[in-house]
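# Structural description and commentary
Take a look at the letters that make up each chain.
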Amino acid sequence: MFYFNNISSNDMRIVVSRQPQISKGEKQIEKIKIPGRNGFLVIDNGTYDSFIIGIECHLNKKTANLDDILTWLDGVGKLSLDNVRQWEAVIINSISLEKIVDNFRSFLIQFECQPISEKIAETTSTITTSPTTLTITEATTNMTPLVEVVGSGDVSITVNNKTFNLYSLSGTYYLDSKLKVITNSLGKNISDKMLYDFPILTPENNVISFIGTITSIKFKYHKSFL
């Protein structure tokens, strides 16, 4: 069974014939040969390529709605094989329903997936004292949190030795590290009130401190995996 955009293959009366083997995307490494030097120079920028997941399926035309299936399996969405973790994915093949016998049809779905998967369940951690160590278990790569800051005036917040400043706070503000946007409680974009970059959370220990009048800092994130 698999899930695409929160709909399961079982709900669509699809039977998975072969479950795919999952491997992480290939690391992007550049090799440069330099005249007069043995071997080659390796440049590792720490990024990974997307990868393909192919799922072989079949269905019974008498019990499954082909139009609904073809509408569902289209474009970009969230793919999960266990309803615990998910990838951002896009369907890259034209799905062809081949007849096996009578009303039974087989087909292949090919998803091109982003290299990082995330837990579907969101984790929330609230910081009220400075400094505080936020420990994130299980995750294997960096996370881009939604940060909710409640405070007033000018404040500085440091996450893992990287500081950003917020100016003229009055109430609750939301920093979306993935979209690089800051909004207030009314939904107004106030990104001009921030200096320096958005915070990133890492696996294991994250040291967080702040200066200024802050009631609480709430981090909402999905544990991420390569």
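Scroll up for the structure.
Let us look at the structure shown here. Since the structure is predicted, the reported quantities are computational estimates derived from the model, not experimental observations.

### Notes on a nonpolar patch on the surface
There is a patch of nonpolar side chains on the surface, built from Ile 29, Phe 40 and Val 42 and spanning about 270 Å² of accessible area. With respect to the secondary-structure elements, Val 42 resides in strand β5 (residues 41-48). For Val 42, a relative accessible area of 45% corresponds to the partly exposed category.

### Structural notes on the nonpolar core
Grouped together as the largest cluster of nonpolar side chains are 26 residues, with contacts concentrated most on Val 149, Ile 157, Leu 166, Leu 175, Leu 201, Ile 217 and Phe 219. Broken down by secondary-structure element, the contributors of at least two residues to this core are β12 (132-136), β13 (146-159), β14 (162-176) and β17 (204-221). Element by element, the count of residues in this core is highest for β17, at six residues. With near-sequence residues (within four places) excluded, Ile 217 lies in contact with Ser 125, Thr 126, Ile 127, Val 147, Glu 148, Val 149, Ile 157 and Phe 210.

### Things to note about the pattern of salt bridges
For the coordinates displayed, the defined rule picks out six salt bridges. Asp 197 is the salt-bridge partner of Lys 180, the closest N and O atoms lying 3.6 Å from each other. Placement of Lys 180 in the loop between β14 and β15 (181-184) and of Asp 197 in the loop between β16 (194-195) and β17 is noted, with a sequence separation of 17 residues between them. We classify Asp 197 as exposed; its relative accessible area is 52%. Residues joined in a network through salt bridges with shared partners are Lys 119, Glu 138 and Lys 223.

### Concerning the environment of Asn 205
For Asn 205, the position within the fold is in strand β17. Placed 39 residues apart in sequence, Asn 205 and Leu 166 show a C-alpha to C-alpha distance of 24 Å. Apart from the residues within four sequence positions on either side, Asn 205 is in contact with Thr 133, Leu 134, Thr 135 and Asn 160. Only 2.8 Å separates the side chain of Asn 205 from the side chain of Thr 135, close enough to count as a polar contact.

Rules behind the numbers
Residues numbered from 1 in each chain as written. Predicted model: local features only at pLDDT ≥ 70, side-chain atom pairs only at ≥ 80, totals over all residues. Heavy atoms only, no water. Patch = residues over 30% accessible without salt bridge, like charges linked within 9 Å, V, L, I, M, F, W, Y side chains within 5 Å. Areas by Shrake-Rupley, 256 points an atom, 1.4 Å probe, with all protein chains shown as cover. Salt bridge = Lys/Arg side-chain N within 4 Å of Asp/Glu carboxyl O. Helix = DSSP H or I, 4+ residues; strand = E, 2+ residues; numbered from the N terminus. Buried < 20%, exposed > 50% of the residue type's maximum accessible area, 1.4 Å probe, protein only. Core = buried A, V, L, I, M, F, W, Y, C linked by side-chain atoms within 4.5 Å. Contact = heavy atoms within 4.5 Å. Polar contact = N/O pair within 3.5 Å; in protein donor to acceptor, adjacent residues only side chain to side chain.

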